[in-house]
Structures are given as structure tokens and as C-alpha cells.
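Examination of the molecular architecture
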Amino acid sequence: GAGVSQTPSNKVTEKGKYVELRCDPISGHTALYWYRQSLGQGPEFLIYFQGTGAADDSGLPNDRFFAVRPEGSVSTLKIQRTERGDSAVYLCASSRTEYTEAFFGQGTRLTVV
Amino acid sequence: AQSVTQPDIHITVSEGASLELRCNYSYGATPYLFWYVQSPGQGLQLLLKYFSGDTLVQGIKGFEAEFKRSQSSFNLRKPSVHWSDAAEYFCAVDVAAGNKLTFGGGTRVLVKP
């Protein structure tokens, strides 16, 4: 497919566990974004990559959250010691450049029980 | 910091009727303005955006939006709603023409036959 792919689509984990969420951007897109959408709210910015580097991680809520993009394509959002408040839909988006339209994936629904 | 308010959480409209969704932003200058639509099972899709120039912006799916600086508003309109327009709509702003977006809380649109 030509769109942004996120896996898994759903993830249920126990409180305190570690999770990884994966994002495959559109081929050739250098910019990649992670957002978090809690129930009944709009998406909130977490982090933005330009190539391999995190250009802006100001939205990460605390040091339990970390994201990588080692080869400038696939990105992984990592959450340590998950808490029930981390339950949300995690959205990934990519764009050809940071100034062109961002295309969103369908998200990963994370539920922490 | 910028913020976005969508005053209407839910709107119900009859098929064929007109639709207007309100969006107000708070920012010291004119931000870059966006409207996205989120349908069930689908990712966020960009409807239209305003960067500068003509304050009436045309988008996809027959939508348009008007930027009013004096009211700090960017309302979305459609003259005649189709059942397929039932979805959640998000207004968003960015201060640097990129994709680090600040979203409003969204307006859910229900379409009556």
C-alpha cells in the first residue's frame, strides 16, 4: 500500500509493561510525526523527525516515552512502565518535507489495563 | 502558546442541508490553519489549509473555509451535506507552516437521512 502503515492496530498491555509501536511512512517521506489522541480529544503532538534525527520532541509527556528512526524510514515509539493514562490512539504521519501535506496512518489503539 | 477551540462537540444535520463548523484560534499572529476529517476506521485526511492570500479557501469534497482575522476564526462550510460526510472534523493550527499541529477538540457530525 502507498499509505502510512502502523502496527499493531490494537495493543492491550498490563500496567508497568513496555510497549513498542511501529510506523512505516510513505516511501520517500523525510518527515515523520507522532501524535497521541485520547478519547474524545483532538490529536496532540508528541515528536517530529526530519530524517533520522528528532527535530522536535517537545510533546513527549515524560521520560517514559522515547522514539527512534534509525535509518530515516521506519519509526518506533517506545513506552516504558506503561500507565493506564497512556491509553490512547497513537497516530503517525509522514510528509515529503516538513512544509508539505502530512498523511496520517490509521493509528495504534493502546489500552493499558 | 497557540490554542484551538471548536465550540460544537456534536452537530446533527439533514442530508442536503448546509453545514458550518466553527473554529476559533488563539495566537499572537496569523497562524497556518487546517481542517482535517477523521472517518471511522480511516486516518485523518486534510480537507483544506490556509497559509496566506485569499481568505476563502476551497478544499476537497466540496468543503470551503473562510479565515476572518478580526474574529480569529476559520469556519468550515459545505453547501449541501451528503451521508458520507458523517465523521469527526478537526481544526488545527501551526505557527511555522510545518506539520507540528495544535488540534481542536473536534466536532462530530451526524447526518440524518
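You'll find the structure just up there.
Residues numbered from 1 in each chain as written. Chains lettered and ligands numbered in written order. Predicted model: local features only at pLDDT ≥ 70, side-chain atom pairs only at ≥ 80, totals over all residues. Heavy atoms only, no water.

Re the overall build of chain A
When its secondary structure is counted, chain A shows 0 helices and 11 strands. Walking chain A from its N terminus toward its C terminus, one meets helices and strands in the order β-β-β-β-β-β-β-β-β-β-β. Taken over C-alpha atoms, the radius of gyration comes to 13 Å for chain A, in line with the 13 Å a tight globule of 113 residues would show. The dimensions of chain A, computed from C-alpha atoms along their principal axes, are 35 × 25 × 25 Å. Residues classed as buried in chain A amount to 45% of the 113 residues present. (Helix = DSSP H or I, 4+ residues; strand = E, 2+ residues; numbered from the N terminus. Rg over C-alpha atoms; globule rule 2.2 N^0.38 Å. Buried < 20%, exposed > 50% of the residue type's maximum accessible area, 1.4 Å probe, protein only.)

Looking at the overall build of chain B
On a plain count of helices and strands, chain B comes out with 0 helices and 12 strands. Reading chain B from its N end, one meets helices and strands in the order β-β-β-β-β-β-β-β-β-β-β-β. Computed over C-alpha atoms, the radius of gyration of chain B comes to 13 Å, within 12% of the 13 Å expected from 2.2 N^0.38 for 113 residues, which places it in the range of a compact globule. Projecting the C-alpha coordinates of chain B onto the three principal axes gives extents of approximately 40 × 25 × 20 Å. Residues counted as buried form 46% of the 113 residues belonging to chain B. The long-range fraction of contacts in chain B, counting pairs at least 24 apart against all pairs at least 6 apart in sequence, stands at 54%. Roughly 5,300 Å² of accessible area belongs to chain B as shown, and the carbon and sulfur atoms make up 49% of that amount. Computed over 10 positive and 9 negative side-chain charges, the inter-centroid distance for chain B is 3 Å. (Contact = heavy atoms within 4.5 Å. Areas by Shrake-Rupley, 256 points an atom, 1.4 Å probe, with all protein chains shown as cover. Lys, Arg positive; Asp, Glu negative; His and termini not counted. Charge placed at Lys NZ, Arg CZ, Asp CG, Glu CD.)

Structural notes on the sheet that holds strand E8 (residues 75-79) of chain A
Residue and element names in this part refer to chain A. Strand order in the open sheet formed by 4 strands is E1-E3-E8-E7, and the pairing between neighbours is antiparallel. With partners counted over all chains shown, the strands left at the sheet margins are strand E1 (5-7) and strand E7 (65-68), one partner each. Averaged over all adjacent pairs, the angle separating strand axes in this sheet is 15°, with direction ignored. Here 4 bridges tie E7 to E8, and the two strands are oriented antiparallel to one another. Bridge pairing links phenylalanine 65 to isoleucine 79 in E8. (Pairing = 2+ DSSP bridges. Axes fitted to C-alpha atoms, helices over the stretch in contact; angles between N-to-C directions.)

Quick word on the state of the cysteines
Using the criterion set out here, one finds 2 disulfides over all chains in the structure. The disulfide partner of cysteine 23 of chain A is cysteine 92 of chain A, and the gap between their sulfur atoms is 1.9 Å. Residues cysteine 23 of chain A and cysteine 92 of chain A share a disulfide whose torsion about the S-S bond is about -70°; that sign makes it left-handed. Of this pair, cysteine 23 of chain A sits in strand E3 (residues 19-24) while cysteine 92 of chain A is found in strand E9 (residues 88-95), placing the two residues 69 residues apart along the sequence. Here cysteine 23 of chain B connects covalently by a disulfide to cysteine 91 of chain B, the sulfurs 2.0 Å from one another. (Disulfide = S-S within 2.5 Å.)

So, the environment of leucine 77 of chain A
All names here are of chain A. Structurally, leucine 77 can be placed in strand E8. Looking at leucine 77, the relative accessible area reads 0%, which means it is buried. With 22 residues separating them in the primary sequence, leucine 77 and alanine 55 have C-alpha atoms 15 Å apart.

Here we look at the nonpolar core
Ranked by internal contacts, the top residues of the largest apolar core, which has 26 residues, are Trp35, Leu48, Phe74, Leu76 and Tyr89 of chain B. Elements with a contribution of two residues or more to this core: strand E2 (10-14), strand E3 (19-21), strand E5 (32-38), strand E6 (44-50), strand E8 (64-68), strand E9 (73-78), strand E10 (87-94) and strand E12 (107-112) of chain B. Per-element tally for this core: the top contributor is E10 of chain B, with 4 residues. Listed in part, the 20 residues of the second largest apolar core include Leu32, Leu60, Ala67 and Leu77 of chain A. (Core = buried A, V, L, I, M, F, W, Y, C linked by side-chain atoms within 4.5 Å.)

Considerations on empty space enclosed by the protein
Using the criterion set out here, one finds 2 cavities of 30 Å³ or more in the structure. As a volume, the largest cavity reaches approximately 40 Å³. Taken together, 10 residues line the largest cavity, and the ones lying closest to its centre are Thr100 and Glu101 of chain A together with Phe34, Lys49 and Asn99 of chain B. Looking at side-chain class alone, the lining of the largest cavity contains 5 nonpolar, 3 polar and 2 charged residues. Of the volumes computed, that of the second largest cavity is approximately 30 Å³. Forming the boundary of the second largest cavity are Val37, Gln38, Ser39, Gln42, Gly43, Gln45 and Lys61 of chain B. Considering only residue class, the lining of the second largest cavity consists of 1 nonpolar, 5 polar and 1 charged. (1 Å grid on protein atoms, 1.4 Å probe; cavity = no way out; pocket = protein on both sides within 12 Å on 5 of 7 lines; lining within 4 Å. Points joined across faces, edges and corners; volume = space filled by probe spheres on them. Nonpolar A, V, L, I, M, F, W, Y, C, P; charged D, E, K, R; others polar.)

Keep in mind these values describe shape, not function.
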